[in-house]
Amino acid sequence: MKEGGVLMKLGLIRVSLNPKPIVNPFQQTLQLRHGEIAIRLGEGTTAIDYRIWVDANHPVIRVEANGSQPFKTTVTIHDWRLRQGDTILAAPRAPTSPAPRAADPNRSAPGLTWFHHNPSKNDPRLADPHLADITFGATLEGPGLVRDADSTLTSGVATSTQLISIHPLTLTGPAGCLN
Amino acid sequence: MQLVIAKHCRYMKSLLPLLACLSLLSLPTLAQDVASGAGIGVDQYNLSWNVPGPNSAASMPLGNGDIGLNAWVDPTETCFSIFRRQMPGAARRTQRLTPG
């Protein structure tokens, strides 16, 4: 069987901080009551706390990093299907305004969007017609995060807290519906 | 082998009345927990690790019934793969979970 209803991963996201946190001591807890993963790296003034949760009422994943010292954040999407059916949307044009969006850590910039689009019916690559024209992907964004490369967002200024939001989306329709 | 399994089944059946009584006895405690907002002791089942998972095989699952993720730390970067329900696959060659 060449095609199937396999649950495909949307992508792999890496969040790195600068300066790099100390891994020892390390604590990662799945907190069932709150439905979140809490991660603590290091201790004292160099400790970094992560909270990861999926919103119960909205289709969004939230990642929050907190530290007592300011840090810069880099978020990278690893899409192993890139150019094999997946597309990362190009960064929007640089603003003509002299004030860069990265200067405001409380404001969300356009972020980074990637998606996979299944071929339409009668396409020889499509073995199963009910899978035609399904599109799935996600948008990655956060306050103060700006596009640094094709698949990377970085924070322009160091902050002691950073929120990252990932909005997965699926829809069915021809490729034109993406515009 | 089948004989051993059959014996175990009979043994389990004999325990059913006892298990039912124990469940009834625990109901008042359960009601007290719910009334007090104690979350029926769910905290005791929290999963906690003190060593970072080196890869996705040692990841921790999370989700809201529609969107899910698997998170791990590698070794200073926080990583997670994400997925969403009702997302049928395309060609098999695009269903790889790892590069290569």
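Parameters and conventions
Residues numbered from 1 in each chain as written. Chains lettered and ligands numbered in written order. Predicted model: local features only at pLDDT ≥ 70, side-chain atom pairs only at ≥ 80, totals over all residues. Core = buried A, V, L, I, M, F, W, Y, C linked by C-beta atoms within 7 Å. Buried ≥ 20, exposed ≤ 12 C-beta atoms within 10 Å, placed from the backbone. Helix = DSSP H or I, 4+ residues; strand = E, 2+ residues; numbered from the N terminus. Contact = placed C-beta atoms within 7 Å. pLDDT = per-residue confidence, 0-100. Pairing = 2+ DSSP bridges.

1. As for the nonpolar core
Here is step 1: Ranked by internal contacts, the top residues of the largest apolar core, which has 40 residues, are Ile13(A), Ile52(A), Leu62(B), Ala71(B) and Ile82(B).
Here is step 2: With six residues, the top contributor of residues to this core is strand S5 (residues 61-78) of chain A.
Here is step 3: Apart from the residues within four sequence positions on either side, Leu62(B) is in contact with Ile37(A), Ile52(A), Trp53(A), Val54(A), Gly68(B), Leu69(B) and Ala71(B).

2. Some thoughts on the environment of Thr172(A)
All names here are of chain A.
Here is step 1: If you trace the backbone, Thr172 turns up in strand S11 (residues 159-172).
Here is step 2: Between the C-alpha atom of Thr172 and that of Thr76, which follows or precedes it by 96 residues, the distance is 27 Å.
Here is step 3: Excluding its chain neighbours within four sequence positions, the residues that come into contact with Thr172 are Asp133 and Ile134.

3. Remarks on the environment of Met60(B)
Here is step 1: Summarising the element assignment, Met60(B) is placed in strand S2 (residues 60-63).
Here is step 2: The sequence separation of Met60(B) and Tyr45(B) amounts to 15 residues, and the corresponding C-alpha distance is 14 Å.
Here is step 3: Excluding anything up to four places from it in sequence, Met60(B) contacts Gln28(A), Leu30(A), Ile37(A), Leu47(B), Asn70(B), Ala71(B) and Trp72(B).

4. Some points on the confidence of the model for chain A
Residue and element names in this part refer to chain A.
Here is step 1: Averaged over chain A, the pLDDT score is 83; the fraction of residues at 70 or greater is 83%.
Here is step 2: Within chain A, strand S6 (residues 86-88) has the poorest average pLDDT of any element, 85, and strand S4 (residues 48-54) the best, 97.
Here is step 3: In the predicted structure, residues 98-103 sits below a pLDDT of 50 and forms eleven contacts with residues beyond four places in sequence or in another chain.

5. Description of the environment of Thr78(B)
Here is step 1: Its location among the elements puts Thr78(B) in strand S4 (residues 77-84).
Here is step 2: With 26 residues separating them in the primary sequence, Thr78(B) and Pro52(B) have C-alpha atoms 9.6 Å apart.
Here is step 3: Excluding residues within four positions of it along the chain, Thr78(B) makes contact with Val15(A), Ile39(A), Tyr50(A), Ala71(B) and Val73(B).

6. Some words on the confidence of the model for chain B
All names here are of chain B.
Here is step 1: With 45% of its residues at a pLDDT of 70 or more, chain B has an overall mean of 69.
Here is step 2: In this model residues 89-100 is a low-confidence stretch, pLDDT under 50, and it forms 22 contacts with partners more than four residues away in sequence or in other chains.
Here is step 3: Model confidence for the complex is summarised by a pTM of 0.74, with the ipTM given as 0.82.

7. Quick word on the pairing of S5(A)
All names here are of chain A.
Here is step 1: Bridge count between strand S1 (residues 9-18) and S5: seven bridges; the pairing is antiparallel. Counterpart to Leu17 in the pairing with S5 is Thr73.
Here is step 2: Here S4 pairs with S5 via seven bridges, running antiparallel. In the sheet register, Trp53 faces S5, and the bridge partner there is Arg62.
Here is step 3: Connecting the antiparallel pair S4 and S5 is a turn made up of six residues.
Here is step 4: Two elements, S5 and S11, share seven bridges in a ladder whose sense is antiparallel. Bridge assignment links Glu64 to a residue of S11, and that residue is Leu163.
Here is step 5: Pairing geometry for S5 and strand S10 (residues 152-155), over three bridges, is antiparallel. Bridging across to S10, Thr76 finds its partner in Thr152.

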